[in-house]
Amino acid sequence: MDQDLELSGRQWARKFPGSADTKDLSGNFRLAVDAFIYAMEEAGIKVKINATFRPTKRSYLMHYSYRIAKKGYDPKKVPSMQGVNINWDHGTKEESVKAARDMTSALDIQTLQTKPALRSQHNAGLAIDMNISWGKTVEIKDASGAIVKINTLPRTGMNKQLIDVARTYGVKKYNGPGRDFPHWSNNGR
Ligand SMILES: [Zn+2]
């Protein structure tokens, strides 16, 4: 075993930080997201951004800490990743799982229903996670400037009318396998 490896644990959550700022998104997708968020805020919709760009190294930490903590994955079997000098194996199963669980908590993924993807559109600056909510019927401009009245439920990012408005801007709700409520991207993945 490489001598330079550092044991897993919550301190790893600080090493490869992700962004929650749209300025860290890529090119046209950044413009699309900024325009969509502007339209939502003008309509009185509350938007809280949780994540935009995420380094692949952070995705690796999220993916394997979750699997070890929640899915019984063997810490000895985690493939290494270039530039991430982590040792997932504390010598006992109990210690390894506890360290992985501490990491999922520090990475704020401990309540997710499905494991975080090893690769995602976040790694290319082409995805955003946001909490969206509003209180009563709202009127929002789509990308062509037409006003759309949203009078259906739920009053969240899962609203089908809002999802249709987002698409006019080039922002697509997650439509891949499983569920990922806060996730939007350039291609729905
Ligand atoms: Zn996401």
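Keep in mind the model is a prediction, meaning the values are calculated, not measured. (Residues numbered from 1 in each chain as written. Predicted model: local features only at pLDDT ≥ 70, side-chain atom pairs only at ≥ 80, totals over all residues. Heavy atoms only, no water.)

Turning to the coordination of the zinc ion, a few remarks are in order. Protein coordination at the zinc ion: the donors are His 122 (NE2), Asp 129 (OD) and His 183 (ND1), at 2.0 Å from the metal. Read from N- to C-terminus, the donor residues coordinating the zinc ion fall into the pattern H-x6-D-x53-H. On the accessibility criterion, His 122 (2% relative accessible area) is buried. (Donors = N, O, S within 2.8 Å, 3.2 Å for Na, K, Ca; no water. Buried < 20%, exposed > 50% of the residue type's maximum accessible area, 1.4 Å probe, protein only.)

Within the open sheet, the 4 strands sit side by side as 2-4-8-7. Their pairing is antiparallel. With partners counted over all chains shown, the strands left at the sheet margins are strand 2 (46-51) and strand 7 (172-173), one partner each. The strands that helix 1 (residues 27-42) touches are strand 2, strand 4 (127-133) and strand 8 (183-185); relative to strand 4, the one it contacts most, it runs at about 5°. Sheet strands touched by helix 4 (residues 160-169): strand 4, strand 7 and strand 8. Its angle to strand 8, the strand with the most contacts, is close to 25°. (Pairing = 2+ DSSP bridges. Helix = DSSP H or I, 4+ residues; strand = E, 2+ residues; numbered from the N terminus. Contact = heavy atoms within 4.5 Å. Axes fitted to C-alpha atoms, helices over the stretch in contact; angles between N-to-C directions.)

This next bit is on the environment of Lys 98. For Lys 98, the position within the fold is in helix 3 (residues 93-106). Residue class for Lys 98 comes out partly exposed when judged on its relative accessible area of 46%. Sequence separation of Lys 98 and Trp 184 is 86 residues, and the distance between their C-alpha atoms is 32 Å.

Time to look at helix 2 (residues 56-71). With 16 residues, helix 2 extends 21 Å between its outermost C-alpha atoms, agreeing within 8% with the 22 Å of an ideal straight helix rising 1.5 Å per residue. All buried positions along helix 2 are accounted for by Arg 58, Ser 59, Tyr 60, Leu 61, Met 62, His 63, Tyr 64, Ser 65, Tyr 66, Ile 68 and Ala 69. Considering only its buried residues, helix 2 is in contact with strand 3 (86-87) and helix 3. Gly 72 lies just past helix 2 and shows a positive phi near 70°. (Expected span 1.5 Å × (residues − 1).)

One finds Phe 36, Met 40, Ile 45, Leu 162 and Trp 184 to be the most contacted residues of the largest nonpolar core, which totals 25 residues. When contributions to this core are tallied by element, the ones reaching two or more residues are helix 1, strand 4, strand 5 (138-141) and helix 4. Leu 61, Ala 69, Met 81 and Val 97 belong to the second-largest nonpolar core, a separate cluster that totals 21 residues. (Core = buried A, V, L, I, M, F, W, Y, C linked by side-chain atoms within 4.5 Å.)

Next up on the list: the packing of helix 2 against helix 3. Contact geometry for helix 2 and helix 3: axes closest at 8 Å, N-to-C directions at 130°. On the basis of their axis angle, the class for helix 2 and helix 3 is oblique. Like other packed secondary-structure pairs, helix 2 and helix 3 cross with a definite hand, here left-handed. Every residue of helix 3 that contacts helix 2 at Leu 61, Ser 65, Tyr 66, Ile 68 and Ala 69 is listed here: Ser 96, Val 97, Ala 100, Arg 101, Met 103 and Thr 104. Its residues assigned to classes, the contact of helix 2 with helix 3 comprises 7 nonpolar, 3 polar and 1 charged. (Parallel < 35°, antiparallel > 145°, perpendicular 65-115°, else oblique. Left-handed = near helix turned anticlockwise from the far one by under 90°. Nonpolar A, V, L, I, M, F, W, Y, C, P; charged D, E, K, R; others polar.)

Before going further, it helps to spend a moment on the pattern of salt bridges. Counted according to the given criterion, the structure contains 8 salt bridges. In this structure, Lys 98 and Asp 102 form a salt bridge, with 3.0 Å as the shortest nitrogen-oxygen distance. Here Lys 98 and its partner Asp 102 are both found in helix 3, 4 residues apart, which amounts to about one turn of the helix. According to the relative accessible area criterion, Asp 102 is partly exposed, its value standing at 24%. The network of salt bridges with common partners includes Lys 160, Asp 164 and Arg 167. (Salt bridge = Lys/Arg side-chain N within 4 Å of Asp/Glu carboxyl O.)

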